[in-house]
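A structural walkthrough
Now for the letters of each chain:
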Amino acid sequence: MMLVFVLRHTVKTDTMAPPCGGERPLWPTPTVNQCQSNMATRWGICSAGKISNDFTVALKTLPPGDHQVVAVAARKLENAQEFAKKHSIPRAYGGYEALARDPDIDVVYIGVIHPYHLSTCLLFTNAKKNVLCEKPLAMNAKEAKQILASAKENDVFFMEAVWTRFFPVSVEIRRLLAQGEIGEVKMVRSEFGMPLHGVPRVMQKELGAGTMLDLGVYCLQLTCMVYNGEKPESIHATGTFMETGVDDIDVVTLKYSNNRLAVFICRSDIELPNEAVIVGTKGTIRIPGHIWCPTSLVVNGKETKYPVPEPYLPINFINSTGMRYEAEAVRQCLLKGLKESAVMSHADSLLLAEVEDEVRRQIGVVYSQDSQ
């Protein structure tokens, strides 16, 4: 009998790295003046839903001298006022236009559902506001291109909120791959499955429902990160439908140059182990669970844990305080005058949208936005 021992180590992650430190690819080396900036980044929150609640809670785990929420907007004023009272936010707006006109906002977090991302993003980019927009960025690549083009035309910072890429686990994965710790990567395998039948955003097509856009984006972004934004040579997808006409189960194989592969499964009917494995010629990296918000990493049998801070108010989704990492990355980009993040660039967002489109095409999922 062969016994396999897994070594465990815990890394403290409840404090952020110094403003001028961090992973080298994350942002360029700042100037002295930028490092000495002592002004808080002023956030506006667009939408008073569950994900906006969790993002606001995550911001409160960061130093108040660095991040402040100064306004929230919702379609109904009473919802914005309730949200503002709950989170001690000084201004509440009924309607997003008022938030777009607020001169005291440095960056807007957009937490509306993705069928409304195009119109909402354009509202804020045209108002010269920097934007962090929830994923998926858009309903299709055409919309994503419109959003990104508007951000560039208006000379504002824009990033899709693929929060997973900023977790310490993801930072460590990129470091290990850059240093060749596991040799040349030959295979990436991931899975994400949750029993979500009955949840409107997963069932109703008009809400942008579908497993690929809701869950598959996490598997896909990991693959794209590991293969450093390279476009796959071929994509093969198969899946099943719900009665509402959206995808329920997706199985996707991506082939890259030099016979490198990626396979992922996503499904919204049952819970899967939700693991990921990156296999190289010299070793293996494994995310043992929660691949969308990972707090543990196993490298060649040695496990390291990266816990997220405890929330000060109840949150709706597991490990949501981990959104602090993407928020801090946005602040660093703004301090340096950048218009996009090197970790989650415009090209990265477009690649995700294009692969998602092809997966949906092969499976047969069509949204009304595809014909507009």
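Residues numbered from 1 in each chain as written. Predicted model: local features only at pLDDT ≥ 70, side-chain atom pairs only at ≥ 80, totals over all residues. Heavy atoms only, no water.

Glancing now at the pairing of strand β3 (residues 67-74). Across the eight residues that make up β3, a large majority, seven, are buried. Handedness of the β-α-β unit built from strand β2 (residues 41-46), helix α2 (residues 50-59) and β3 comes out right-handed. Note: β3 against strand β4 (residues 91-94), four bridges, orientation parallel. Residue pairing across strands places Ala74 opposite Gly94, the latter belonging to β4. Where the polypeptide runs from β3 across helix α3 (residues 77-87) and back to β4, its parallel neighbour, the crossover connection is right-handed. (Buried < 20%, exposed > 50% of the residue type's maximum accessible area, 1.4 Å probe, protein only. Helix = DSSP H or I, 4+ residues; strand = E, 2+ residues; numbered from the N terminus. Right-handed = clockwise from strand over helix to strand, strands pointing away. Pairing = 2+ DSSP bridges.)

Here we have six strands laid out as an open sheet, ordered β4-β3-β2-β5-β6-β7, and parallel in their pairing. Each edge of the open sheet is held by one strand with a lone partner, namely β4 and β7 (158-161). Direction aside, neighbouring strands of the sheet carry axes that sit 20° apart on average. Bridge analysis of strand β5 (residues 107-110) against strand β6 (residues 130-134) gives four bridges, and the strand direction is parallel. Directly across from Tyr109, in β6, lies its bridge partner Leu132. (Axes fitted to C-alpha atoms, helices over the stretch in contact; angles between N-to-C directions.)

Let's shift gears to the pairing of strand β9 (residues 234-241). Remember that side chains alternate between the two faces of the sheet whenever the strand is regular. In terms of strand pairing, β9 meets strand β10 (residues 247-256) through eight bridges, oriented antiparallel. Among the inter-strand pairings, Gly239 is bridged to a residue of β10, identified as Asp250. The turn linking β9 back onto β10 is made up of five residues, and Gly245 within it adopts a positive phi angle of 90°.

This part covers the UniProt feature "domain: GFO/IDH/MocA-like oxidoreductase" (unreviewed entry) in the protein chain. The UniProt record annotates "domain: GFO/IDH/MocA-like oxidoreductase" (unreviewed entry) at residues 172-286. Helix makes up 23% of residues 172-286 and strand 37%, with an end-to-end C-alpha separation of 12 Å. (UniProt positions renumbered as here; feature names shortened; annotations may be inferred.)

So, on to the packing of aromatic side chains. The full count for this structure, using the stated rule, is seven aromatic pairs. Aromatic pair Phe55 and Tyr109: ring centres 3.9 Å apart, planes at 5°, arrangement stacked. Here Phe55, found in helix α2, pairs with Tyr109, found in strand β5; they are 54 residues apart in sequence, far enough to count as distant. For the pair Phe55 and Tyr109, one class covers both residues: buried. An aromatic cluster is defined as three or more aromatic residues linked by ring pairs; in this entry it consists of Trp43, Phe55 and Tyr109. (Phe/Tyr/Trp six-rings, centres within 6.5 Å; stacked < 30°, edge-to-face > 60°.)

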